[in-house]
Amino acid sequence: MNAAGLRHERRLLLRRLALSAPAMATLAVFLLVPLGIMLLVSFLQPGDYGGVKWGEYSLEAYVNFLYERDLDDSLVFNTDYLQIFQRSFWLSVLTTAGCLLVGFPTALYLALQSERRRNLLLLLVTVPFWTNLLVRVYAWILLLRNGGLVDSGLEALGLVHGGDLNVLYTDVAVVIGLLYTFLPFMVLPIYTSLEKLDWRLVEAAYDLGATRRQALRRIIVPLAMPGIAAGTILVFIPSLGNYIIPELLGGGKALMIGNLIQLQFGTAHNWPLGAALSFALLAFVLLAMLVYSLRFKGAAAGGHP
Amino acid sequence: MSSAIGIERICMEFGEPGQGVRALDDVSLDIRANEFFTLLGPSGCGKTTLLRLIAGFEQPSAGTIRLYGEAMQDLPPFRRPVNTVFQSYALFPHMSVAQNIAFGLEMRGLPRAEIDATVQRMLALVKLPDVGRRRADQLSGGQQQRIALARALANQPKVLLLDESLSALDQKLRKDMQMELKRLQHETGITFIFVTHDQEEALTMSDRIAVMDKGRVLQVGTPSEIYESPVNRTVAAFIGETNFLAADAADAGLRLGDGQVLQAPTPLRGAVTLAIRPERVHLDPAGELEGVVEDVVYVGTDTVYHLNVAGQGGFRVRRQNHDGAVAAHAPGERLRLRVPTAAIRVLAE
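None of these values were measured; they are calculated from a predicted model. (Residues numbered from 1 in each chain as written. Chains lettered and ligands numbered in written order. Predicted model: local features only at pLDDT ≥ 70, side-chain atom pairs only at ≥ 80, totals over all residues. Heavy atoms only, no water.)

Chemist: Outline the overall build of chain A, supporting the account with residue identities and numerical values.
Modeler: Broken down by element type, chain A carries 13 helices and four strands. Against the globule reference of 19 Å for 305 residues, chain A gives a C-alpha radius of gyration of 25 Å, more extended than a compact globule. A principal-axis box enclosing the C-alpha atoms of chain A has dimensions of 85 × 75 × 40 Å. The buried share of chain A, reckoned over its 305 residues, is 36%. (Helix = DSSP H or I, 4+ residues; strand = E, 2+ residues; numbered from the N terminus. Rg over C-alpha atoms; globule rule 2.2 N^0.38 Å. Buried < 20%, exposed > 50% of the residue type's maximum accessible area, 1.4 Å probe, protein only.)

Chemist: Residue-level account of the interface of chain A and chain B, with values.
Modeler: At the junction of the two partners, chain A supplies 19 residues and chain B supplies 25 residues. Buried area between chain A and chain B, summed over both chains or domains, comes out near 2000 Å², and the portion from carbon and sulfur atoms is 62%. When the buried surface of chain A facing chain B is broken down by residue, Asp207(A), Leu208(A) and Arg218(A) rank first, second and third, together holding 36% of it. At the junction of chain A with chain B, the criterion picks out two salt bridges. Breaking the side of chain A that touches chain B down by element, the ones donating at least two residues are α8 (199-207) and α9 (212-223) of chain A. With seven residues, α8(A) is the largest single contributor of residues to the side of chain A that touches chain B. (Contact = heavy atoms within 4.5 Å. Buried area = accessible area lost by both parts, 1.4 Å probe. Salt bridge = Lys/Arg side-chain N within 4 Å of Asp/Glu carboxyl O.)

Chemist: Residues and numbers for the pattern of salt bridges, please.
Modeler: Enumeration according to the criterion identifies 34 salt bridges over all chains in this entry. Measuring nitrogen to oxygen at the nearest pair gives 3.0 Å for the salt bridge that ties Arg52(B) to Glu58(B). Across the pair Asp284(B) and Arg338(B) runs a salt bridge, and its minimum N-O distance is 2.7 Å. Taken as a pair, Asp284(B) in the loop between β15 (282-283) and β16 (289-298) and Arg338(B) in strand β19 (residues 334-338) lie far apart in primary sequence, 54 residues in all. Judged by relative accessible area, Asp284(B) falls into the buried class, the value being 18%. The class for Arg338(B) is partly exposed, based on a relative accessible area of 35%. Look at the salt bridges and you will find they share partners, linking Arg218(A), Glu106(B), Arg112(B) and Asp116(B) into a network.

See below:
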């Protein structure tokens with residue numbers, strides 16, 4: 001390449017850097033800096049009344065995550081925190097599966113409507129975002145509590161007899177709340193990939209002898225995979241770290257990771273442990289994504305059994 | 001020859017009954033087994049709708065579609081022994097070429113070994129034996145076309161439907177594929193129903209052609225019947241080049257506007273239109289028709305003379321350049337033309 005060409009290349013590169021600079025700066029200030037501070041905090045000693053003792057470094061927080069200090073100061077393996085991680089994981093998996101089960105047919109239905117109807121229905125999907133999440137979660141409390149709308153409704157229909165529903169402040173209520181909150185995040189990406197789908201491919205599948213079910217399984221679902229993957233990630237990760245739903249619908253009994261972290265920064269006055277738990281969560285999410293992307297890649301390349 | 005597809009009084013309306021758009025208006029056709037049958041017409045004439053009815057993607061508003069005598073208009077597409085090559089090819093982008101071809105066979109639940117053997121045979125049939133492992137979108141347009149054919153033929157349909165299947169290809173590839181399609185049709189013995197708006201393509205490939213316009217079938221016949229004996233002005237104008245002359249039919253012959261008379265037998269009387277193909281007219285000093293040269297256009301294989309005949313301009317005479325380019329007649333010159341009786345088609349409109 002000649003000198004003029006090189007200069008041109010360099011100008012292009014500079015321009016690209018200049019264009020991406022605001023985004024980079026925003027990321028640096030609002031993501032990397034707080035993460036750095038959290039990382040630092042996780043290696044410090046907790047202050048006596050909250051906060052941290054600056055300059056006193058310690059691995060105590062990470063040790064506390066897995067071990068308990070016995071009376072004689074010896075370390076005993078403690079699975080309490082891990083159990084909360086595990087519970088959070090399964091509740092999030094259930095939520096994601098539920099969102100997928102409800103969200104995929106919804107997205108498919110949306111994609112099959114006429115354009116005008118489609119836009120109206122899409123608007124309806126996003127309507128919940130217009131109200132504060134807290135208000136909507138309190139509404140669920142009113143719905144799910146004993147003697148609430150669901151309870152009395154079921155009784156009126158004769159589906160349950162006497163006694164209380166006892167759903168509120170259980171894992172079931174938490175999953176219902178998470179599912180409700182994150183459903184749009186599953187519907188929208190799947191809808192986006194189905195909307196782009198060339199329906200002539202489905203016609204071609206019918207033409208080649210595929211029934212509706214076979215066309216769904218072999219053509220529509222594989223081609224909607226990018227949307228399904230995006231939806232799964234958008235539901236699973238925020239569910240895993242969610243704080244408000246288990247706080248209100250789990251009633252503080254059904255703890256999830258988010259509540260545990262909040263507890264450390266709040267009443268437990270143990271910021272380093274809270275920070276360490278946050279990093280454990282981050283590591284856990286990254287690990288889950290890694291496993292998922294490997295599985296997903298395999299499924300996409302495999303094609304047929 | 002037995003009937004492969006029988007179309008009986010098919011009507012197709014989109015929208016509200018009675019006031020919707022009539023895509024097909026009382027269409028009846030009989031397509032014979034092992035025939036290369038073409039539906040030819042301008043866009044919007046209903047040819048693609050008819051094809052989609054045969055495939056089962058649409059339901060007719062009225063009428064019957066028979067396959068080897070059995071009514072099949074109520075069967076869903078996946079139960080019809082009919083396969084389609086789509087205009088856009090519609091190859092599955094998430095599958096390899098081999099998986100695409102295997103799809104129909106898998107749907108029928110054939111054993112793996114048989115499927116693999118058929119896939120190889122189909123790839124060989126379309127002369128692309130080595131592309132099985134590639135993804136469909138890694139192939140060129142012409143190759144995708146062949147794979148779409150292979151995928152449809154793998155199912156051994158009784159009837160193969162081809163929807164404007166060559167229109168996306170460039171000129172050269174198109175000519176090759178025309179021959180290829182004829183070869184495949186001969187080798188497989190399957191009935192081909194081909195939809196096109198390209199009259200040259202239709203004439204080249206078909207055993208028989210149905211010319212369609214505005215939801216109706218205007219004429220069904222062999223390429224030479226359609227070309228030589230068009231039933232009306234629309235067909236004559238759509239297929240090839242045609243000169244139209246207004247005339248008055250009487251016992252004495254066909255009198256043109258300026259009093260010249262041509263002879264051709266016809267039962268018609270009164271105002272008629274004469275359809276005359278440019279290549280059937282000869283420049284001949286002893287000819288019965290006179291015209292004034294407007295323009296002479298050299299087009300390589302031919303020289304085309306544009307003449308004013310009986311006060312009407314744009315009458316074309318096509319002369320093959322057997323002896324190379326001959327700069328003969330100039331604009332303004334009077335020429336005599338010989339029009340054989342058999343070259344004159346007398347039409348009522």
